[in-house]
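Each chain is listed here by its residues.
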Amino acid sequence: MKKIFLTGNPSATKILAAALAKGINRRKIGDRAFIIGLEGDLGGGKTSFLQGFAKGLGIKEKILSPTFVIMKKFIIPAQKTRFFKFFYHFDCYRMGTEKDVLELGFKEIISDPENIIAIEWAEKIKKTLPPKTLWINFKFINDKKRKITILK
Ligand code: ADP
Ligand code: MG
């Protein structure tokens, strides 16, 4: 089911993301990683969303907007998780082709059920992503308002 949210400031976006993260972290083990594809406008709030998401997983490190790094791996603290162990943040903004992400061992990372993976600009590697991917679209409405659509 499609869910649409309107947020009026960055904290509202982060709170929404933290709630989603907690829900995902309570899910039962799958046979592959849990993948979230974030797509949509530049400045739409994808990185801000993932800062709240990581916090919801109990991760203390700050999620940054990667400039040249396209992948970062975080440990999900044991007391906060029942199953998932790692959170991967990918940003495909500067990526040329799907080959670039495959060279980072992407196939292996998405096969491991202990991983939660969030990918900014996931539309660039759509062909590589499994049909079960949870897609979230970010739309810039005005300087403070963002429309966040969780597609299913
Ligand atoms: P993206 O990763 O999609 O390019 P960022 O999260 O890096 O977007 O940037 C979003 C920018 O918009 C940040 O500077 C943030 O402070 C600002 N902002 C303003 N209102 C919101 C909102 N409602 N939700 C998220 N970010 C917002
Ligand atoms: Mg970003």
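The structure reproduced in this document is the subject of the present report.

### Some thoughts on the side chain of threonine 128
For threonine 128, the position within the fold is in the loop between strand S5 (115-120) and strand S6 (134-140). Judged by its relative accessible area of 8%, threonine 128 is buried. Aside from chain neighbours lying at most four places away, what touches threonine 128 is Glu98, Leu102, Phe106, Lys107 and Ile110.

### Observations concerning the coordination of the magnesium ion (ligand 2)
Donor atoms from the polypeptide that coordinate the magnesium ion (ligand 2) comprise Thr47 (OG1) and Glu120 (OE), at 2.1 to 2.2 Å from the metal. One end of the pair, threonine 47, is in helix H2 (residues 46-56); the other, glutamate 120, is in strand S5, and 73 residues separate them in sequence. By relative accessible area, threonine 47 is classed as buried at 14%.

### With respect to the packing of helix H1 (residues 10-25) against H2
Direction vectors running N to C along H1 and H2 enclose 45°, while the axes themselves pass 7 Å from each other. Taken together, the axes of H1 and H2 lie oblique to each other. You can see that H1 and H2 cross each other, and the crossing is right-handed. Side by side, H1 and H2 meet where Thr13, Lys14, Leu16, Ala17, Ala18, Leu20, Ala21, Lys22 and Ile24 of the first sit next to Ser48, Phe49, Gln51, Gly52, Phe53 and Gly56 of the second. A class-by-class count of the residues in the contact of H1 with H2 yields 8 nonpolar, 5 polar and 2 charged.

### Overview of the site of ligand 1
If you check the shell around ligand 1, you find 17 residues, and the closest are Thr13, Gly43, Lys46, Ser48 and Lys144. The contact in question runs from an oxygen atom of ligand 1 to an N or O atom on the backbone of glycine 45, over 3.0 Å. The fraction of the free accessible surface of ligand 1 (570 Å²) that becomes covered by protein chains is 77%. Mapped onto the shell around ligand 1, the elements with two or more residues apiece are H1 and H2.

### Brief notes about the pattern of salt bridges
Side-chain pairs of opposite charge can arise whenever the charged atoms involved come near each other. A complete count under the given rule lists 4 salt bridges for this structure. Residue glutamate 39 pairs with lysine 126 through a salt bridge whose shortest N-O separation is 3.9 Å. With a gap of 87 residues between them, glutamate 39 in strand S2 (residues 34-40) and lysine 126 in the loop between S5 and S6 connect regions that are remote in the sequence. Classification of lysine 126 by relative accessible area gives partly exposed; the value is 46%. With a closest N to O distance of 3.8 Å, lysine 99 and glutamate 103 form a salt bridge.

### Side note on the sheet that holds strand S3 (residues 71-75)
Judged by pairing direction, the sheet is mixed, and its 7 strands sit side by side in the order S1-S7-S6-S2-S5-S4-S3 without closing on themselves. Two strands close off the open sheet at either side, each with one partner strand: strand S1 (3-7) and S3. Shown here is a sheet whose adjacent strand axes are inclined to one another by a mean of 15°, direction ignored. Packing against the sheet, H1 makes contact with S1, S2, S5, S6 and strand S7 (146-151), and its axis sits at approximately 145° to S1.

About the criteria used
- Going along each chain's sequence as written, the residues are numbered from 1 onward.
- A letter from A marks each chain and a number from 1 marks each ligand, given out in the order of writing.
- Whole-chain, interface and lining totals are the exception, using all residues; otherwise, since this is a predicted model, local features are given only for residues with pLDDT of at least 70 and side-chain atom pairs are given and counted only at 80 or more.
- As a rule here, side-chain values cover all heavy atoms of the structure and leave hydrogens and water aside.
- Only DSSP runs of H or I reaching four residues or more are called helices, and only runs of E reaching two or more are called strands; each is numbered from the N terminus.
- Buried, partly exposed and exposed residues are distinguished by accessible area as a fraction of the type maximum, computed with a 1.4 Å probe on protein chains only: under 20%, between the cut-offs, and over 50%, respectively.
- Whether two residues are in contact is decided by their heavy atoms: any pair within 4.5 Å suffices.
- Because no water is among the atoms considered, metal sites can look incomplete, with donors defined as N, O and S atoms within 2.8 Å of the metal, or 3.2 Å for Na, K and Ca.
- Where helices are involved, their axes are fitted lines through C-alpha atoms of the stretch in contact, as for all axes, and angles between N-to-C directions lie from 0 to 180°.
- For this classification, under 35 degrees means roughly parallel, over 145 means roughly antiparallel, 65 to 115 means roughly perpendicular, and everything else is oblique.
- By convention, the crossing between two helices is left-handed when the near helix turns anticlockwise from the far helix through less than a right angle, and right-handed when the turn is clockwise.
- Put simply, Ala, Val, Leu, Ile, Met, Phe, Trp, Tyr, Cys and Pro go in the nonpolar bin, Asp, Glu, Lys and Arg in the charged bin, and everything else, Gly too, in the polar bin.
- When we say a residue is near a molecule or strand, we mean one of its heavy atoms is within 4 Å of it.
- By the criterion applied in these results, polar contacts are pairs of N or O atoms within 3.5 Å in which, for protein atoms, one can donate a hydrogen and the other can accept it, and in which residues neighboring in sequence qualify only through two side-chain atoms.
- Note that accessible areas follow from Shrake-Rupley with a 1.4 Å probe, and for residues the cover is restricted to the protein chains shown.
- What counts as a salt bridge is simple: a side-chain nitrogen of Lys or Arg found within 4 Å of a carboxyl oxygen of Asp or Glu.
- Any two strands with at least two DSSP bridges between them are considered paired.

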